[in-house]
Amino acid sequence: MNGASQSAETAQAARRIMARADALGAISETPGALTRTHLTEEHRRAAKLVAGWMHEAGLAVWTDAAGNVCGRIEGAGPELPALLLGSHIDTVPDAGRYDGPLGVLLAIEVAARAAPGVLPFALEVVAFGDEEGTRFGTALSGSRALAGSWDDAWWDCTDASGISLRTAFERFGLDPRRLPDAAREPKDLVAYLEAHIEQGPFLEQAGQPLAVVSSIAGARRFALTVTGRAGHAGGTPYELRRDALVGASELVVEIERIGQELDVIATVGRMHAYPGGVNVIPGRVELSLDLRAEFDADRDDAWGRIQEAADQITALRDLEWSAQETYRADAVQCADWLQQAVEEGIRAACGDDPLTLWSRAGHDAMAVAGVAEVGMLFVRCGNQGVSHSPDETVSTGDVALALDAFTAAVRAVAERYAARS
Ligand SMILES: [Zn+2]
């Protein structure tokens, strides 16, 4: 199959995916902006819609102990290991419609095309309930429940109104004691494939609709504090100032320079100056740092260089600084055989040799990698790849190509799997 021979059935399925993305996009906690977070009434409504679509596609549907919606079609035999296809249905605040849902909706259509009893494995679709961590700060908690790497400390995380994750679970009708039941055994899984919008500009720049993902960036996050001395803005001459904000600002500029030099993505997303008076020299500044790179060694090198820069900048200004690591996830490689299968799928749908990209953003695949090999397919998004924004777009034509590529990739996985076992 190539682009030219794309069927009317594919075009119709692509329009259905777009309409379903619109339907999910209309389920929001906030009027006028799309926000749908974990274990809310809106999550329940979205999950119900998705479960209905899975059922229509011929899947046996259930909700797992973590609130993920799952559906399954049996393969050529009872109780075979499953190839998982999935993504998430929660969003960031003021989100776009495609980050997460597109992968779920594509997976449902791929499963709808799979005749039961044919594939050498079962096919399962998962709609994870919490990837973004918007409500409780618990990113990837849906997929980590499935991977058996749930963190019990999360139970006490609270949302903005003080409701704990434990309470939200119970109100949603889930039993926290049963959470371990969501975990899957490696022996029951063939692999995990996820389709996702690129959330970056590279496909658009290359004029290509789809890419194979080679790896998902490892990230480290730090809370940095620069400390000086607060003082009267009028009364303190320059030579006596220990201005924490000027020092922190120099550090921010240096962080960007180091990131560019080492090809590491370094971002300071937040900076607060204290005490925060218009006529007071800032005595303390708190800033965030997010570091990501294709390879963990590059990311860690950048952190080393940033520490040296912070030492130098603060020494010159008689300031002090400290850092606390708040998050760390190492890079996840997509399995070679799954990259080949995705590549074969893209070639079947588009004809071209596909681009290979590493994912700058985190995905459920990172967590699932703890329990199964993973592969990913990226779909071009417009407007220079803008995402986590209502301006997120994908075209119906690209979705049609993605559907044919994803379907062909599953076939390619089946051939490789049958040859291996
Ligand atoms: Zn996502």
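Residues numbered from 1 in each chain as written. Predicted model: local features only at pLDDT ≥ 70, side-chain atom pairs only at ≥ 80, totals over all residues. Heavy atoms only, no water.

**Some remarks on the coordination of the zinc ion**
Donor atoms from the polypeptide that coordinate the zinc ion comprise His88 (NE2), Asp99 (OD) and His196 (NE2), at 2.0 to 2.2 Å from the metal. Sequence spacing of the donor residues for the zinc ion, all on one chain, is H-x10-D-x96-H. You can see His88 sitting in strand S3 (residues 82-88) and its partner Asp99 sitting in the loop between S3 and helix H3 (101-113), a full 11 residues away along the chain. As far as burial versus exposure is concerned, His88 and Asp99 are alike and both buried. (Donors = N, O, S within 2.8 Å, 3.2 Å for Na, K, Ca; no water. Helix = DSSP H or I, 4+ residues; strand = E, 2+ residues; numbered from the N terminus. Buried < 20%, exposed > 50% of the residue type's maximum accessible area, 1.4 Å probe, protein only.)

**So, empty space enclosed by the protein**
Under the criterion given, the structure shown has 1 cavity of 30 Å³ or more. Of the pockets and cavities examined, the largest cavity occupies roughly 30 Å³. Lining the largest cavity, in full, are Asp90, Thr91, Val92, Ala95, Gly96, Asp99, Glu132 and His388. (1 Å grid on protein atoms, 1.4 Å probe; cavity = no way out; pocket = protein on both sides within 12 Å on 5 of 7 lines; lining within 4 Å. Points joined across faces, edges and corners; volume = space filled by probe spheres on them.)

**As for the pattern of salt bridges**
With the rule as written, the count across this model stands at 33 salt bridges. Salt-bridge contacts for Arg305 lead to Glu261; the nearest nitrogen and oxygen are separated by 3.1 Å. Of this pair, Arg305 sits in helix H8 (residues 296-316) while Glu261 sits in helix H7 (residues 244-262), and the two are 44 residues apart along the sequence. The exposure class assigned to Arg305 is partly exposed, which follows from its relative accessible area of 26%. A relative accessible area of 46% places Glu261 in the partly exposed class. We note a salt bridge from Glu343 to Arg347, for which the minimum N-O separation is 2.8 Å. (Salt bridge = Lys/Arg side-chain N within 4 Å of Asp/Glu carboxyl O.)

**Describing the environment of Arg411**
Residue position: Arg411 is located in helix H11 (residues 396-420). Note on Arg411: relative accessible area 43%, which makes it partly exposed. Taking the C-alpha atoms as reference, Arg411 lies 9.5 Å from Glu344; in sequence the two are 67 residues apart.

**Quick notes on the domain arrangement of the chain**
What the domain assignment lists for the chain is domain 1 (3-217 + 331-420) and domain 2 (218-329). Contact with domain 1, which involves 11 residues of that partner, is made by 8 residues of domain 2. Roughly 720 Å² is buried in total at the junction of domain 1 and domain 2, and carbon and sulfur atoms are behind 54% of that figure. Counting every contact that joins domain 1 to domain 2 gives 0 salt bridges. Where domain 1 packs against domain 2, one counts 4 residue pairs in polar contact (both at pLDDT 80 or more). (Domains from an automatic or database assignment. Contact = heavy atoms within 4.5 Å. Buried area = accessible area lost by both parts, 1.4 Å probe. Polar contact = N/O pair within 3.5 Å; in protein donor to acceptor, adjacent residues only side chain to side chain.)

**Things to note about H3**
Across its 13 residues, H3 extends 19 Å between first and last C-alpha, which sits within 8% of the 18 Å expected from 1.5 Å per residue. Among the 13 residues in H3, 11 count as buried, and that is most of the element. When H3 is considered as a whole, its buried residues turn out to be Pro101, Leu102, Gly103, Val104, Leu105, Leu106, Ala107, Ile108, Glu109, Val110 and Ala111. (Expected span 1.5 Å × (residues − 1).)

**Notes on the packing of aromatic side chains**
What the rule picks out here adds up to 8 aromatic pairs. With a centroid separation of 5.0 Å and an interplanar angle of 45 degrees, the aromatic rings of Trp150 and Trp155 are classed as tilted. The two residues Trp150 and Trp155 agree in class, both being buried. Three or more aromatic residues joined by ring pairs make a cluster, and in this case those are Trp150, Trp154, Trp155 and Phe169. The positively charged end of Arg44 is found above the aromatic ring belonging to Phe172, 4.7 Å away from the centroid. Stacked on the ring of Tyr274, the Lys or Arg Arg284 has its end atom at 4.3 Å from the ring centre. (Phe/Tyr/Trp six-rings, centres within 6.5 Å; stacked < 30°, edge-to-face > 60°. Lys NZ or Arg CZ within 6 Å of the ring centre and 35° of its normal.)

**A word on the packing of helix H1 (residues 8-25) against H11**
Running from amino to carboxyl end, H1 crosses H11 at an angle of 115 degrees, the nearest separation of the two axes being 8 Å. Considered as vectors, H1 and H11 are oriented roughly perpendicular to each other. Every pair of crossing elements has a handedness; the one defined by H1 and H11 is right-handed. Every residue of H11 that contacts H1 at Thr10, Ala13, Ala14, Arg15, Ile17 and Met18 is listed here: Thr396, Val399, Ala400, Leu403 and Asp404. Residue composition of the contact of H1 with H11, by class: 7 nonpolar, 2 polar and 2 charged. (Axes fitted to C-alpha atoms, helices over the stretch in contact; angles between N-to-C directions. Parallel < 35°, antiparallel > 145°, perpendicular 65-115°, else oblique. Left-handed = near helix turned anticlockwise from the far one by under 90°. Nonpolar A, V, L, I, M, F, W, Y, C, P; charged D, E, K, R; others polar.)

**Structural notes on the nonpolar core**
Ranked by size, the top nonpolar core spans 65 residues in total, and within it Val50, Leu83, Leu106, Phe121, Phe406 and Val410 carry the most contacts. A total of 12 residues in this core trace back to one element, the largest contributor, which is H11. Those residues in contact with Leu83 that lie beyond four places of it in its chain are Phe121, Ala122, Leu123, Glu124, Val190, Ala191, Tyr192, Leu193, Val410 and Val413. Formed by 28 residues, the second largest nonpolar core is a distinct cluster that contains Phe128, Ala329, Cys334 and Ala365. (Core = buried A, V, L, I, M, F, W, Y, C linked by side-chain atoms within 4.5 Å.)

**Quick look at the side chain of His43**
Position of His43 among the secondary structure elements: in helix H2 (residues 41-56). Setting aside its immediate chain neighbours within four residues, His43 contacts Arg36, Thr37, His38, Gly67, Ile89, Gly129 and Phe172.

**Regarding the packing of helix H9 (residues 336-350) against H11**
Packing of H9 against H11 brings their axes to within 7 Å, and their N-to-C directions diverge by 135 degrees. Between H9 and H11, the angle is such that the two are oblique. Here H9 runs over H11; the crossing is right-handed. On H11, the residues that touch Trp337, Leu338, Gln340, Ala341, Val342, Glu344, Gly345, Ile346, Ala348, Ala349 and Cys350 of H9 are Leu401, Asp404, Ala405, Ala408, Ala409, Ala412, Val413, Glu415, Arg416, Tyr417 and Arg420. Its residues placed into classes, the contact of H9 with H11 shows 15 nonpolar, 2 polar and 5 charged.

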